[in-house]
Amino acid sequence: MAPNPPEPEQLPTCCREIVTEFSKEMLNLGDVLFQLLSEALGLRSNHLKEIGCLEGMDTAYNYYPVCPEPELTLGATQHTDTGFITVLAQDDIGGLQVLHRNRWVDVPPMSQGLVVNLGTLLQFTSVEHRVVLKGAEPRVSAISFFGIGYTLNTRLYGPVEELLSEDNPPKYKKTTIKDLVAHAYKQGLDGTSFLHHLKLMD
């Protein structure tokens, strides 16, 4: 949906208006979130926006039908998000889980609430998560992924220079999004193991 949104006629008429409006609001929300994150890091409020965190946004709308044997399958397998941040809007059914201390923990759905995940490009140790099926009712979610076009961008990303010091040296090498994502898919999106080739220190 950004930076090059589809033409209106490319979207189904039944959801064209709401998808366009939802994407517009998510971009506005992303702008606010990146300002808050910049300030929380002690940076100027537009720092993350200036380095391209708000340049691209992809959306996914998921429908998980009722499953008679939900224990035999997953709605989405274990993975991390490779972008900067992910914003999830979900219904009240639940099913999202995060891996915490080697245990899967339910993320209770919040009415009128959103879930925000930090992605690999923002902190390089993004949360591993999955979706399990509840079985009794169908589940619906809308996800906005903030990143940059995976194949065209050759900009190097690495630690924020203003945050580095002798006491806080870089832990990872700089990389392009293209190379990061290519390596992630080569290794399999099963957590952060695909980052080991970029690690400078423990």
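The coordinates are above.
Calculation notes
Residues numbered from 1 in each chain as written. Predicted model: local features only at pLDDT ≥ 70, side-chain atom pairs only at ≥ 80, totals over all residues. Heavy atoms only, no water. Pairing = 2+ DSSP bridges. Helix = DSSP H or I, 4+ residues; strand = E, 2+ residues; numbered from the N terminus. Axes fitted to C-alpha atoms, helices over the stretch in contact; angles between N-to-C directions. Salt bridge = Lys/Arg side-chain N within 4 Å of Asp/Glu carboxyl O. Buried < 20%, exposed > 50% of the residue type's maximum accessible area, 1.4 Å probe, protein only. Core = buried A, V, L, I, M, F, W, Y, C linked by side-chain atoms within 4.5 Å. Contact = heavy atoms within 4.5 Å.

**Some remarks on the sheet that holds strand E4 (residues 96–100)**
Stage number 1. An order of E2-E7-E4-E5 is seen for the four strands of this open sheet, with the pairing classed as antiparallel. Of all the strands in the sheet, the pair left with one neighbour each is strand E2 (74–79) and strand E5 (103–106). The sheet shows a mean angle of 30° between the axes of neighbouring strands, direction not considered.

**Focus: the pattern of salt bridges**
Note that side chains of opposite charge can pair when their charged atoms are close.
Stage number 1. Using the criterion set out here, one finds three salt bridges in the structure.
Stage number 2. A salt bridge links lysine 49 to aspartate 31; the nearest nitrogen and oxygen atoms lie 3.7 Å apart. Placement of lysine 49 in helix H2 (residues 47–50) and of aspartate 31 in helix H1 (residues 16–40) is noted, with a sequence separation of 18 residues between them.
Stage number 3. Using a relative accessible area of 43% as the deciding quantity, one classes lysine 49 as partly exposed.
Stage number 4. One salt bridge connects glutamate 161 with lysine 174, and the closest N-O pair in it is separated by 3.6 Å. With glutamate 161 in the loop between strand E9 (156–157) and strand E10 (175–176) and lysine 174 in the loop between E9 and E10, this residue pair connects regions lying 13 residues apart in the sequence.

**Focus on the nonpolar core**
Stage number 1. Among the nonpolar cores identified, the biggest contains 22 residues, and Phe34, Met57, Phe84, Ile85, Val87 and Phe146 are the most heavily contacted of them.
Stage number 2. Of all the elements in the fold, those that place two or more residues in this core are H1, strand E3 (85–90) and helix H4 (177–187).
Stage number 3. The dominant element in this core, judged by the number of residues it contributes, is H1, at four residues.
Stage number 4. Beyond its immediate sequence surroundings of up to four residues, phenylalanine 146 is in contact with Met26, Leu27, Gly30, Phe34, Cys53, Leu54, Gly56, Met57, Gly83, Phe84, Ile85 and Val87.
Stage number 5. With 10 residues, the next largest nonpolar core counts Leu88, Leu96, Val107 and Val131 among its residues.

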